[in-house]
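Examining the three-dimensional arrangement
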Amino acid sequence: MRPRGLPPLLVVLLSCWASVSAQTEATPAVTTEGLNSTEATLATFGPFPSTRPPGTPRAPGSSSGPRPTPVTDVAALCVCDLSPAQCDVNCCCDPDCSSVDFSVFSACSVPVVTGDSQFCSQKAVIYSLNFTANPPQRVFKLVEQISPSIFCIHITNYKPALSFINPEVPDENNFDTLMKTSDGFTLNAESDISFTTKLDIPTTAKYKYGVPLQTSDSFLRFPSSLTSSLCTDNNPAAFLVNQAVRCTRKINLEQCEEIEALSMAFYSSPEILRAPDSRTKVPITVQSVLIQSLNKTLTRREDTDVLQPALVNAGHFHLCMNVVLEVKYSLTYTDRGEVTKADLSFLLGTVSSVVVPLQQKFEIHFLQENTKPVPLSGNPGYVVGLPLAAGFRPHKGGALPCRLVAQKVKNLLWGQGFPDYVAPFGNSQAQDVLDWVPIHFITQSFNRKDSCQLPGALVIEVKWTKYGSLLNPQAKIVNVTANLISSSFPEASSGNERTILISTAVTFVDVSAPAEAGFRAPPAINARLPFNFFFPFV
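Below is a summary of the structure that appears in this document.

This next bit is on the nonpolar core. Across soluble globular proteins, nonpolar side chains have a tendency to be buried as a group. Of all hydrophobic cores here, the largest spans 32 residues; its most connected members are L213, Y267, Y329 and F346. The set of elements that each furnish at least two residues to this core consists of strand 6 (243-249), strand 7 (271-273), strand 8 (281-292), strand 11 (317-333), strand 12 (339-352) and strand 13 (358-368). Excluding anything up to four places from it in sequence, Y329 contacts L220, R221, F222, Y267, I284, D343, L344, E363, I364 and H365.

Next up, the structure:
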């Protein structure tokens, strides 16, 4: 007999549920504490997972009770804890693991646990293993992560929107209502198959221009000055963006040993991800360490060990040694947008109470793999004493019709591979051909009968101008002329030798126009008076 007041369909479902629960008692289930998965399996076939120990009776009304409260504390989150009351291998956040278990771990499978990445500031837990301790220990560190994106959530006033809404669980009281409002019970096996297939597809993520470089815990920090001259450590280093900045840092000299930004480890300890969201990490290798004394003399260290700032008392003065003054990153990347190598150079110095606040310099350069860096002659204007950046376009065809002697003299004046273009600025890129200044070739000759035209001089004239702001004008090349002057020499008889004097001259001409200060046009006043403004006079 069925209970009174229950529809026949409900009795069938309840009986099936009872049979499935009986099968579950004989098979211990593997569940994750804190996951909302027990109620979602009511519409699936197979054994029903039980969250209670075997042999204990089911609490009445547990199926219709509220779902567990979502876990939002990152210190309590553990996505790799898959076995209840059992330590999972390499799961450093598993509360069931002891120090004995940590001693056999090779690495943390989930080193960083973060909350919602859409927030501007969020808590993050970093797990690591200290293999130097005996026995090895787990290291737990709670840090504050700052999102580099400007489109982030600062404050949320509706916290339930950050989690899923608890669905209504069917029972004997609301079963008929749910059947009328829903389309029935369906099994969507296609979504499960597609989800599994997507997991097997390898990721093809790569760094793009301007994308922040990711590290194992956050992003590669490149200190710079933003709104003031003070250093901001939360500025991310962008891919393929070469930078060289100077900023000031206010420090308390007596606490220099505790300031992370003054230590080498702050810049050399992060590990850069080879590609975005990749598991391959590229360590930062220290290539050189220079020590600058108080009298500005430089000494290169033979080793590249990481040094810590040390406070020294020198009479009435306090000195802090091994302070980071300059940091230079050199990153090697591939044409696939992956970082393969990261080098680092330091300039350390001694800081006294006289030079506080401290000025630091940071540089980062990117070099493509299997290529040689091209030296620049300025950035962007030319620097006095540096060579002109020039290049030539390969020619197809033969040489100019000239006698053998004239051709040799001309080759001597032009040199090997005389350029066709000159870069307007010292940092002009080779692919921007339309921006380069073409060289104008002029040939002057004096023809005489029964004479040989031999080049005698090559005069190069470079015209440059001051470009940009009046406060910081940049040197820009606007015109280059190469004038080959030939002279007539009587043809010598065979066997006679003659000495010919040839010369080369380069002149730089400043063609800058007088600087004129620009002013905005005065605003036009379009004011209309009321028609009775001068009443009663008019």
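We now examine the pattern of salt bridges. The full count for this structure, using the stated rule, is seven salt bridges. Salt-bridge contacts for D233 lead to R249; the nearest nitrogen and oxygen are separated by 3.0 Å. In this pair, D233 sits in the loop between strand 5 (231-232) and strand 6 while R249 sits in strand 6, placing the two residues 16 residues apart along the sequence. The class for D233 is partly exposed, based on a relative accessible area of 21%. Among the ionic pairs, R301 bridges to D303, the shortest N-O distance being 2.4 Å. The exposure class assigned to R301 is partly exposed, which follows from its relative accessible area of 27%. The class for D303 is partly exposed, based on a relative accessible area of 31%.

A cluster of nonpolar side chains, namely L529, F533, F534 and F537, defines an oily patch on the protein surface of about 520 Å² accessible area. Here L529 is to be found in the segment after strand 19 (503-510). Taking the relative accessible area as the measure of exposure, L529 reaches 55% and is therefore exposed.

Once that is clear, we can look at helix 6 (residues 404-414). Taken together, the buried positions of helix 6 are occupied by A406, Q407, V409, K410, L413 and W414. Buried positions in helix 6, seen along its axis, are confined to an arc of 165° and lie on one side of it. Exposed and oriented more than 90 degrees from the buried face of helix 6 are L404, K408 and L412. Positive phi shows up at G415, right after helix 6, with a value of about 80°.

Moving on to the packing of aromatic side chains. Overall, the coordinates contain 13 aromatic pairs when judged by the stated rule. Pairing F239 with Y333 gives two aromatic rings, centres 5.6 Å apart and planes at 80°, and the pair type is edge-to-face. Taken together, the residues span a long stretch of sequence, with F239 in the loop between strand 5 and strand 6 and Y333 in strand 11 at a distance of 94 residues. A relative accessible area of 15% means that Y333 is categorised as buried.

This part is about unusual backbone geometry. The backbone phi angle of A85 is positive, close to 55°, even though this residue is not glycine. Within the secondary structure layout, A85 lies in the loop between helix 1 (8-25) and helix 2 (99-102). Relative accessible area serves as the criterion here: at 76%, A85 is assigned to the exposed category. At N90, a residue that is not glycine, the phi angle is positive and equals roughly 60°. The exposure class of N90 is buried, given its relative accessible area of 18%.

As a further point, take the sheet that holds strand 2 (residues 121-130). Within the open sheet, the three strands sit side by side as 1-2-3. Their pairing is antiparallel. One side of each edge strand has no neighbouring strand; the edge strands of this open sheet are strand 1 (112-114) and strand 3 (137-146). Direction aside, the axes of adjacent strands within the sheet are offset by 20° on average. Bridging between strand 2 and strand 3 involves ten bridges; their strand directions are antiparallel. Across the sheet, residue Y127 finds its bridge partner in strand 3, namely F140.

Calculation rules
- Residues numbered from 1 in each chain as written.
- Predicted model: local features only at pLDDT ≥ 70, side-chain atom pairs only at ≥ 80, totals over all residues.
- Heavy atoms only, no water.
- Core = buried A, V, L, I, M, F, W, Y, C linked by side-chain atoms within 4.5 Å.
- Buried < 20%, exposed > 50% of the residue type's maximum accessible area, 1.4 Å probe, protein only.
- Helix = DSSP H or I, 4+ residues; strand = E, 2+ residues; numbered from the N terminus.
- Contact = heavy atoms within 4.5 Å.
- Salt bridge = Lys/Arg side-chain N within 4 Å of Asp/Glu carboxyl O.
- Patch = residues over 30% accessible without salt bridge, like charges linked within 9 Å, V, L, I, M, F, W, Y side chains within 5 Å.
- Areas by Shrake-Rupley, 256 points an atom, 1.4 Å probe, with all protein chains shown as cover.
- Arc of directions from axis to C-beta.
- Phe/Tyr/Trp six-rings, centres within 6.5 Å; stacked < 30°, edge-to-face > 60°.
- Pairing = 2+ DSSP bridges.
- Axes fitted to C-alpha atoms, helices over the stretch in contact; angles between N-to-C directions.

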